[in-house]
Amino acid sequence: MQETVSLSQWRERRTIDSVFSDEVAPSNPVSWPRRKFARTAQNSGCWAFGRSRHELKSIASTRSWHSTVPRNQTCTHSGIECVSSSRPRLLVSGDSDEAASQFCRIMGDGVELIPPGDPGAEADGVLFAGEFAKRTQDLQLCAHGFLDSVPDALVLVDAENKVVWHNQMLQDMAGSDSSLIGLSFWEALGSPEVISPTVLPTALPTALPTNMDPGPDKILKVILKTAEREFLAVRASRSPLPLKNGQTLPFTTIAVRDVSEEILENQKREALYRAGIELGDLSPEEVTEMSPEDRSELLKDKILEYSQDILGFETIEIRVLNPDSGELLPLLQVGMRSEAATRQLYAKAEGNGVTGYVAATGRSHLCEDTQSDPLYLSGAIDARSSLTVPLIMHDEVLGTFNVESPGAQGFDQKDLEFLEVFGCVVAMAVNQLQLLVAEKVTTATESSARLRREIALPTDDILSSATAILEKYIGHDPDVCEKLQSILDNTRTIRGQIERVSEEADSGDVAFAGASSRQRVERPALKGKRILVVDSDETVLKSAHDLLDQHNCTVEAVRSGKEACQMARTHHYDVVLTDIRLPDMNGYECFCEVQEIDNRLPVILMTGFGYDAGHSIVKSRQRGLKSVLYKPFRREQLLTELEKAVTPPPPHE
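Before going into details, it helps to say that this report is about the structure given with it. (Residues numbered from 1 in each chain as written. Predicted model: local features only at pLDDT ≥ 70, side-chain atom pairs only at ≥ 80, totals over all residues. Heavy atoms only, no water.)

Considerations on the packing of helix H18 (residues 561–570) against helix H19 (residues 587–597)
Following both chains from N to C, one finds H18 and H19 inclined at 15 degrees, their axes separated by 10 Å at the closest point. Comparing the axis directions of H18 and H19 gives the class roughly parallel. H18 and H19 meet at a crossing whose hand is right-handed. Mapping the contact onto sequence places Gly 561, Cys 565, Ala 568 and Arg 569 in H18 and Cys 590, Glu 593 and Ile 597 in H19. (Axes fitted to C-alpha atoms, helices over the stretch in contact; angles between N-to-C directions. Helix = DSSP H or I, 4+ residues; strand = E, 2+ residues; numbered from the N terminus. Parallel < 35°, antiparallel > 145°, perpendicular 65-115°, else oblique. Left-handed = near helix turned anticlockwise from the far one by under 90°. Contact = heavy atoms within 4.5 Å.)

Take a look at the structure:
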């Protein structure tokens, strides 16, 4: 028994999954044999399917150009006349007129065929004829909405630049809820701005809004910028559509892709590249006239500006590694709590937060949630996520760059990559400033050291001579004594000022100084001690100044025992270092006289390995001498003996 359904029931029953089924396509309440319809389609080399008109429009327009034939009028397809009525209307798509004609002869007046032509006709179904009817997989994909699932906008425009078809993505890009068919391509996208045409016709970009035709065998490539600051990459090519009698209808196929993310990333990279040039571009005036502190402040201002303007980071902390101590010294901080900004951190993988871990390992760290990350130490007040990257130059960690956000998972891998790129830029700038500081420190230190060496012995002679004269005039001429004392005081002040300038040049900005050019080994016991050196050999006196000045000792040197005693009577010293062979007395005699002046003043005797005719060392030991240095001695020996001499013995229990 044959099944009879109405046209409305048939339309409601049809779904996208019924493509190529053998279901009857009835005309009004007239019944069609189900099998006959299927055999007719197969025998004629065609496939036909139908849906509701609303659902069918997009599929009908993707493969065909058709014309509207008003109902109750005659339609001719390949010599077959079909009278338009309320019969199901099939849109013909394919390349076989013979197959379509055969289908029409078999079905007779049961269907109405709509031939290819101008767009605008509505249809109840599509008839695929010829070879195209065999590509069932392609047809099924299109029927299932494949063209609307493509992430790019696909558009067809005619010779007048009017949109005749588009997929759903074009509406999404344009922010439109309705079809854009009939608008010019330019109007559909809101008249965007042309950024970078690659292959354009003559007289563009002026002609571009009204002509999307790239020309024969060419592909138009252009970047557009919309009013919403989105960037669209457009590729257009001409494709002629074959019609009857050897004629073609030209149209342009356009693919539009949203490349906003890529463009913005490229703009960021370009901005970071320019920032790198700016950070490292110091003029000769900035190098020669600015102090290290001023250059440091200039660098901080630029880093902060680029971090906020280019990368959008508001909470920032940069620390520079001191290679001697391993401490991470604060260089720049914005938005951090005061206790966090001044927190003492070291380049250690444990116990020093994310910053210490990154500096110790040289690996970046993305903290997605500060409340669950065991490495994180509290920084900004409301921080819930953070990024920390190492500042690396020549495979050496120079410091760390940390940013924080109030939202959990506020950063992603892309943010980390950009911060690493910017970290390389900052590392180069920091390294350049370190080199400039080191160069200035080295120059200043060498200059001050040379000055100290040049004035060391002359000032010693001034001190010794003024002291000898002062000793004669004490109790006789107060005015002379006052002037001599002023000479002594001013001489020591000059020497102290030179030493202070040298120390300031040596220290510089702690964030950029790095390893000290003087490479002092700290000996706290010797700092600030006054040492009297007695030797007739000028080379020994110069060497004593060079060595002991580096350890913040005050050295005064004389050439005879008599001068040593005069200095010891007039001034305070922490230790006396004397040779046993002096022009006017031996070591034992000098030791005894110094002990008579101050029996608590330590004395160290120096001697070569020659014969001690006066047995100065033996006699001095009998009188309480505790330390002897045998020439040539190592510097460490001298420093160690001096430390012992100036360090008071522990109290007796």
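Here's the deal with the pattern of salt bridges
In total, this model carries 16 salt bridges according to the counting rule given. We note a salt bridge from Arg 559 to Asp 461, for which the minimum N-O separation is 2.6 Å. Taken together, the residues span a long stretch of sequence, with Arg 559 in the loop between strand S20 (554–558) and H18 and Asp 461 in helix H14 (residues 413–473) at a distance of 98 residues. Judged by relative accessible area, which is 25%, Arg 559 ranks as partly exposed. In this structure, Arg 523 engages Glu 643 in a salt bridge whose closest nitrogen and oxygen atoms are separated by 2.8 Å. Of this pair, Arg 523 sits in the loop between helix H16 (510–513) and strand S19 (530–534) while Glu 643 sits in helix H21 (residues 635–646), and the two are 120 residues apart along the sequence. You'll find Arg 523 and Glu 643 in the same group, each marked buried. Taken together, the shared-partner salt bridges in this structure form one network comprising Asp 461, Glu 538, Lys 542 and Arg 559. (Salt bridge = Lys/Arg side-chain N within 4 Å of Asp/Glu carboxyl O. Buried < 20%, exposed > 50% of the residue type's maximum accessible area, 1.4 Å probe, protein only.)

Let's talk about the sheet that holds strand S13 (residues 315–321)
Taken together, six strands build an open sheet; the order of strands is S15-S14-S13-S18-S17-S16 and the sheet is antiparallel. Two strands close off the open sheet at either side, each with one partner strand: strand S15 (345–346) and strand S16 (365–367). Alignment of S16 against strand S17 (residues 385–393), held across three bridges, turns out to be antiparallel. Residue pairing for S17: His 365 is matched across the bridge by Thr 388. Packed onto the sheet, helix H13 (residues 353–361) meets S13, strand S14 (327–334), S15, S16, S17 and strand S18 (396–405) and runs at close to 30 degrees relative to S17. (Pairing = 2+ DSSP bridges.)

Quick word on a negative patch on the surface
Residues Glu 228, Glu 230, Asp 258, Glu 261, Glu 262 and Asp 412 make up a contiguous surface patch of negative charge. Looking at the element boundaries, Glu 230 is found in the loop between strand S10 (219–225) and strand S11 (231–242). Note on Glu 230: relative accessible area 30%, which makes it partly exposed. (Patch = residues over 30% accessible without salt bridge, like charges linked within 9 Å, V, L, I, M, F, W, Y side chains within 5 Å. Areas by Shrake-Rupley, 256 points an atom, 1.4 Å probe, with all protein chains shown as cover. Lys, Arg positive; Asp, Glu negative; His and termini not counted. Charge placed at Lys NZ, Arg CZ, Asp CG, Glu CD.)

So, the sheet that holds S19
If you walk across this open sheet you meet the five strands as S20-S19-S21-S22-S23, and the pairing is parallel. Only two strands of the sheet have a single partner each, and these edge strands are S20 and strand S23 (627–630). Averaged over all neighbouring strand pairs, the angle between strand axes comes to 20 degrees, with direction disregarded. On top of the sheet, helix H17 (residues 538–549) reaches S19 and S20; it is set at about 175 degrees to S20, its chief contact. Sheet strands touched by H19: strand S21 (575–579) and strand S22 (603–607). Its angle to S22, the strand with the most contacts, is close to 170 degrees.

Observations regarding the state of the cysteines
Summed over all chains, the structure comprises zero disulfides. Unpaired in terms of disulfides, Cys 565 finds its nearest cysteine sulfur in Cys 590, a separation of 5.3 Å. Looking at Cys 565, the relative accessible area reads 1%, which means it is buried. (Disulfide = S-S within 2.5 Å.)

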